[in-house]
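Spelled out from the first residue to the last, the chains are:
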Amino acid sequence: MSSSPTPPTVPPRTPAVIFDLDGTLVDSEPHYYEAGRRTLERYGVTGYTWEEHSRFIGVGTRETLEALRERYALDVSVDELLAVKNRHYLELTGSGTAVFPRMRSFVERLHTAGHLLAVASGSSRAAIEAALTATGLSGLLPVYVSAEEVGRGKPEPDVFLAAARLLGTDPADCVVVEDAAPGVEAARRAGMRCIAVPYAADAGRRGPDPSAFASAGLVFPGGQDEFDAGAAYAWTTGGG
């Protein structure tokens, strides 16, 4: 009696990992706040607070400026506001940008293991390049997509889908790492698994809204202070 043939062994697919930039890889939100404050001040708007800025964390720069232009009835184009804010941001980034050390460890581990990696951000291409260069991450993350290159910003999936195309991988084989609810929603709409590391500068006073991150497969509620590169790697490679 002959035995059944042994089915061929199919190696598991190696997930590609797509990182949000601001608040996820680098602590650039203070720079974005200050750049926004200086931009609004130039057009006569004073008293722009961190609390007001925090409502736009995770939203693309253009979409943020469109909302602020309408709120303050600014008689200036969004393109001009964008150019002014980008100039301020690049100046601030050049003076120093901090990369989250545990997130750097995660990127290095993925890179060493041969995972395809990319950055997908609501920032401009120049801002992404400046931040990656300033933090020394550009060599590990040479592929990146900006909000300028897609039709819609987060929470729409466009920027993540564009990153997957650049990497030559299927969205279902991608894991997104995000800090904000719009990005988590964008990952869901893209059909990608997601690790959420909520950004909260005052996390000791108020934690993230759990419902905003419910679609993420792995959540570190304490943000960067709680993030564990080993646990994130195990989840990424283990299929969630």
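Residues numbered from 1 in each chain as written. Predicted model: local features only at pLDDT ≥ 70, side-chain atom pairs only at ≥ 80, totals over all residues. Heavy atoms only, no water.

### Section: helix α5 (residues 101-112)
Reasoning step 1: Counted at 1.5 Å a residue, the expected span for α5 with its 12 residues is 16 Å, and the 17 Å between its end C-alpha atoms agrees.
Reasoning step 2: Within the span of α5, buried status applies to M103, F106, V107 and L110. Seen end-on, α5 carries its buried residues on one side only, within an arc spanning 95°. Pointing more than 90 degrees away from the buried face of α5 are the exposed residues P101 and T112.
Reasoning step 3: On the buried face of α5, the contacting elements are β1 (16-19), β2 (117-120), β4 (174-178), β5 (193-196) and α9 (229-238).
Reasoning step 4: G114, located one to two residues past α5, shows a positive phi value of around 90°. (Helix = DSSP H or I, 4+ residues; strand = E, 2+ residues; numbered from the N terminus. Expected span 1.5 Å × (residues − 1). Buried < 20%, exposed > 50% of the residue type's maximum accessible area, 1.4 Å probe, protein only. Arc of directions from axis to C-beta. Contact = heavy atoms within 4.5 Å.)

### Considerations on empty space enclosed by the protein
Reasoning step 1: This model, assessed by the stated rule, comprises 1 cavity of 30 Å³ or more.
Reasoning step 2: Estimates place the volume of the largest cavity at around 220 Å³.
Reasoning step 3: Listed by contribution, the elements that provide at least two residues to the lining of the largest cavity are α1 (29-42) and α3 (61-71).
Reasoning step 4: Within the lining of the largest cavity, the residues separate by chemical class into 4 nonpolar, 8 polar and 7 charged. (1 Å grid on protein atoms, 1.4 Å probe; cavity = no way out; pocket = protein on both sides within 12 Å on 5 of 7 lines; lining within 4 Å. Points joined across faces, edges and corners; volume = space filled by probe spheres on them. Nonpolar A, V, L, I, M, F, W, Y, C, P; charged D, E, K, R; others polar.)

### Focus on the side chain of E178
Reasoning step 1: Summarising the element assignment, E178 is placed in strand β4.
Reasoning step 2: There is a polar contact of 2.7 Å between the side chain of E178 and the side chain of K154.
Reasoning step 3: Sequence-distant contacts of E178, defined by excluding residues within four places in its chain, comprise D20, T24, K154, F160, G183, V184, C194, I195, A196 and V197. (Polar contact = N/O pair within 3.5 Å; in protein donor to acceptor, adjacent residues only side chain to side chain.)

### A closer look at the packing of aromatic side chains
Reasoning step 1: Counting across every chain of the model gives 6 aromatic pairs.
Reasoning step 2: Here Y33 and W50 contribute two aromatic rings whose centre-to-centre distance is 5.8 Å and whose plane-to-plane angle is 75°, an arrangement assigned as edge-to-face. Of this pair, Y33 sits in helix α1 while W50 sits in helix α2 (residues 50-54), and the two are 17 residues apart along the sequence.
Reasoning step 3: For the pair F220 and F227, a centre-to-centre distance of 5.1 Å together with 65° between the ring planes defines the contact as edge-to-face. An identical accessibility class is assigned to F220 and F227; each is buried.
Reasoning step 4: Taken together, the ring pairs in this structure connect F19, F106, F220 and F227 into an aromatic cluster.
Reasoning step 5: Between R193 and the ring centre of W235, over which it is positioned, the NZ or CZ distance is 4.6 Å. (Phe/Tyr/Trp six-rings, centres within 6.5 Å; stacked < 30°, edge-to-face > 60°. Lys NZ or Arg CZ within 6 Å of the ring centre and 35° of its normal.)

### Focus: the confidence of the model for the protein
Reasoning step 1: Mean pLDDT for the protein: 89, with 90% of residues reaching 70 or above.
Reasoning step 2: Counting contacts from residues 1-11, a segment whose pLDDT is below 50, to residues more than four positions away or on other chains yields 0 contacts.
Reasoning step 3: This stretch, residues 201-205, has a pLDDT under 50; its non-local contacts, to residues over four places away or in other chains, come to 1 contact. (pLDDT = per-residue confidence, 0-100.)

### Let's talk about the pairing of β4
Reasoning step 1: With 5 of 5 residues buried, β4 lies mostly within the body of the structure.
Reasoning step 2: Side-chain alternation along β4 places C174, V176 and E178 on one buried face and V175 and V177 on a second face that is also buried.
Reasoning step 3: Where β1 lies against β4, 4 bridges are found, and the strand directions are parallel. Note on β4: the bridge partner recorded for I18 is V176. (Pairing = 2+ DSSP bridges.)

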